[in-house]
Amino acid sequence: MTTPPWLEEGSNHIWLPYSQMKTAPAPLAVSSTFGATITLSDGRELLDGIASWWTACHGYNHPHVMQAMKHQIDVMPHIMFGGLNHEPALKLAKRLANMLPGDLNRVFFVDSGSVSVEVSMKMAIQYWINKGVKGRSKFVSFKDGYHGDTLGCMSIADPEEGMHHVFNDVLLDQFVIDIPRSPTQLKAFDAFLKEHKHEIAGVITEPLVQGAGGMKFFGPDILRNMCETTQNNDMLFIVDEIFTGFGRTGSMFAIEQADIIPDIICLSKALTAGTMPMACAVAQDHIFDAFLSDDFDFALQHGPTYMANPLACAAANASLDLFETEPRLEQVKHINRKLKNALTPMQSIKGVRNVRTLGAIGVVQVWDMKDVNWLKNRFVEEGIWVRPFRDIIYLTPAFTITDDEMDKLTGALARVMNEWSKL
Ligand code: PMP
């Protein structure tokens, strides 16, 4: 297999994500994508089981999204958002507000998921300041949670389990607690909020699935109880739907399954269908109203250079068209059945601890990953792209993946896991 010159020449100048650069195996060289297939520069094809960190929900290079982006690139790939607005952004904001429940009506666009979480935290802190309430600047978040890699986001992640523990000494002090699952735990959660009310701005969680924390699931009832208890205590409830948003858990947004209306919701990843970096924090009217004043200090002090990038907004609008015109949630249901059928038998493989599915998410959790690089290599040899991490091997395919592709993906996964059990 030949290494393309750009990989050889550029490798000494690149710093890769979450990688120990001394020992990390060389990444694969990709030349193109289409549908659920990644083509490598040496001609090999990989069937993608994770849709580029679950962004490419309609598959790669969907013609409708491509066409919208090509049109936008000719018209206006970017324009600053300070003092200037444009149709793709305002159309998208209106569509998102119409899709979200209650009066989640104000969309603040940013350029990455982490930054949308930072903005939601700033909104919550400044909300209390604007209301003249002092000292409410801390957040309650949950063990196994993950919200991004910037400093504020790291401070609300699980300090023990997360990948950020080396920063523990410098991070903002927050309350990272257990998800209240039982009635007794919920009572304790309520008591905790009451005790610390004077210092808490809000409670933040990923809904139904804690993704990077190990694809841990919790039910809609638990989410509803968390939200109700938080809001009954006059605190803001922030939901990070960066992973779960846009159909991944079986409903357009995970919050729908719990029938809740958070004060702020963060969206990203599948927002632009795996094409452009963009995210947003969407606030309820009562949050937005607290920033209205004749005093400029009441304004939200944030404004990324590439905020509401028109090309990204065009991609997002095209993605929403597809959710309206194609049966995406039906496809998620179908994928769930396929995942259940294929993964459940893997429960009996020696070394497998748990198998679980939710929407278009399939998880095989093991007791001990043993040799993660062996697994990664075997998956590639089998022609599939799957990235095990911590103690899980997971699938989050494009919703448009075909039955044949699903069978190939899960068949290869089962073969490799059976070999793995004999290591
Ligand atoms: N929150 C959640 C739940 C995520 O899954 C991620 C990304 N994996 C983020 C926040 C951070 O998003 P980004 O990588 O775009 O900054």
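Reading guide: rules and limits
Residues numbered from 1 in each chain as written. Predicted model: local features only at pLDDT ≥ 70, side-chain atom pairs only at ≥ 80, totals over all residues. Helix = DSSP H or I, 4+ residues; strand = E, 2+ residues; numbered from the N terminus. Rg over C-alpha atoms; globule rule 2.2 N^0.38 Å. Buried ≥ 20, exposed ≤ 12 C-beta atoms within 10 Å, placed from the backbone. Pairing = 2+ DSSP bridges. Axes fitted to C-alpha atoms, helices over the stretch in contact; angles between N-to-C directions. Contact = placed C-beta atoms within 7 Å. Parallel < 35°, antiparallel > 145°, perpendicular 65-115°, else oblique. Left-handed = near helix turned anticlockwise from the far one by under 90°. Near = placed C-beta within 6 Å. Nonpolar A, V, L, I, M, F, W, Y, C, P; charged D, E, K, R; others polar. Core = buried A, V, L, I, M, F, W, Y, C linked by C-beta atoms within 7 Å. Expected span 1.5 Å × (residues − 1).

1. So, the overall build of the protein
Logical step 1: Looking only at helices and strands, one finds 14 helices and 16 strands in the protein.
Logical step 2: For the protein, the C-alpha radius of gyration of 22 Å lies close to 22 Å, the compact-globule estimate for 423 residues.
Logical step 3: Referenced to the eigenvectors of the C-alpha coordinate spread, the extents of the protein come out at roughly 65 × 55 × 45 Å.
Logical step 4: Counting all 423 residues of the protein, 44% fall into the buried class.

2. Observations concerning the sheet that holds strand β6 (residues 175-177)
Logical step 1: The seven strands are arranged β4-β12-β11-β10-β7-β5-β6 in an open sheet whose pairing can be described as mixed. If you trace the sheet from one side to the other, it starts and ends with β4 (104-110) and β6, each paired once. Across the sheet, the mean angle separating the axes of adjacent strands is 20 degrees when strand polarity is ignored.
Logical step 2: Across four bridges, the pairing between strand β7 (residues 200-205) and strand β10 (residues 236-240) is parallel. From the neighbouring strand, Val203 faces β10, where its bridge partner is Phe237.
Logical step 3: Helix-sheet contacts for helix α4 (residues 87-99) involve β4 and β12 (279-284), and the interaxial angle to β4 is about 135 degrees.
Logical step 4: Each of β4, β5 (138-142), β7, β10, β11 (264-267) and β12 is contacted by helix α5 (residues 113-130), which is oriented at about 25 degrees to β12, the strand it contacts most.

3. What about the packing of helix α7 (residues 183-196) against helix α8 (residues 220-232)?
Logical step 1: At a minimum axis distance of 10 Å, the contact between α7 and α8 shows a crossing angle of 25 degrees. Here α8 runs roughly parallel to α7, going by the angle between their axes. As for the relative orientation of α7 and α8, their crossing is right-handed in sense. Within the contact between the two elements, α7 uses Leu186, Phe189, Asp190 and Leu193 and α8 uses Asn225, Thr229 and Thr230.

4. Digging into the site of the ligand
Logical step 1: Surveying the vicinity of the ligand reveals 14 residues, the closest of which are Ser112, Gly113, Ser114, Gly148 and Ile242.
Logical step 2: Partitioned by chemical class, the residues of the shell around the ligand number five nonpolar, seven polar and two charged.

5. Re the nonpolar core
Logical step 1: By size, the foremost hydrophobic cluster in this structure holds 117 residues, and its most contacted members are Ile264, Ala279, Cys280, Ala281, Val282 and Ala315.
Logical step 2: In terms of residues, this core owes the most to one element, helix α11 (residues 310-325), which gives nine residues.

6. Some thoughts on α5
Logical step 1: With 18 residues, α5 should reach 26 Å at 1.5 Å per residue; the first-to-last C-alpha distance of 25 Å fits that figure.
Logical step 2: Among the 18 residues of α5, 13 are classified as buried, and the element is accordingly described as predominantly covered.
Logical step 3: Among the residues trailing α5, Gly132 stands out with phi positive, at a value near 80 degrees.

7. So, the sheet that holds strand β14 (residues 361-366)
Logical step 1: In spatial order, the strands read β13-β14-β16; together these three strands make up an open sheet with antiparallel pairing. Of all the strands in the sheet, the pair left with one neighbour each is β13 (352-358) and β16 (392-395). For this sheet, the mean inter-axis angle between neighbouring strands, taken without regard to orientation, is 10 degrees.
Logical step 2: One ladder, built from six bridges, connects β13 with β14; its direction is antiparallel. Residue Thr357 lies in a different strand from β14, and its bridge partner there is Gly362.

8. Section: the pairing of β14
Logical step 1: Counted residue by residue, β14 has five buried out of six residues, so it is predominantly covered.
Logical step 2: Between β13 and β14, which pair antiparallel one after the other, the connecting turn spans two residues, and Gly359 there sits at a positive phi close to 55 degrees.
Logical step 3: Summarising the sheet, β14 and β16 pair through four bridges and their orientation is antiparallel. Opposite Gly362, over in β16, you have Leu395 as the bridge partner.

9. Considerations on the packing of helix α3 (residues 63-75) against α11
Logical step 1: Contact geometry of α3 with α11 gives a least axis separation of 8 Å together with a crossing angle of 150 degrees. Looking at the two axes, α3 sits roughly antiparallel to α11. Remark: the crossing between α3 and α11 carries right-handed chirality. Side by side, α3 and α11 meet where His64, Val65, Ala68, Met69, Gln72 and Ile73 of the first sit next to Pro310, Leu311, Ala314, Ala315, Asn317, Ala318, Ser319, Asp321 and Leu322 of the second.

10. Considering the environment of Lys143
Logical step 1: With respect to the helices and strands, Lys143 occurs in the loop between β5 and α6 (151-155).
Logical step 2: For Lys143, a count of 17 C-beta atoms within 10 Å gives the class partly exposed.
Logical step 3: For the pair Lys143 and Leu413, spaced 270 residues apart in sequence, the C-alpha to C-alpha distance is 29 Å.
Logical step 4: Here Lys143 is in contact with Asp158, Glu161, Val176, Ile177 and Asp178, once residues within four sequence places are set aside.

11. Observations regarding unusual backbone geometry
Logical step 1: Located in the positive-phi region is Ser52, a residue other than glycine, with phi close to 50 degrees.
Logical step 2: Considering the arrangement of structural elements, one finds Ser52 in helix α2 (residues 51-54).
Logical step 3: Within the chain, Met215 stands out as a residue other than glycine whose phi angle is a positive 50 degrees.
Logical step 4: When you line up the elements, Met215 lands in the loop between β8 (209-210) and β9 (216-217).
Logical step 5: Since 24 C-beta atoms lie within 10 Å of it, Met215 is described here as buried.

Honestly, it's all geometry; don't read function into it.
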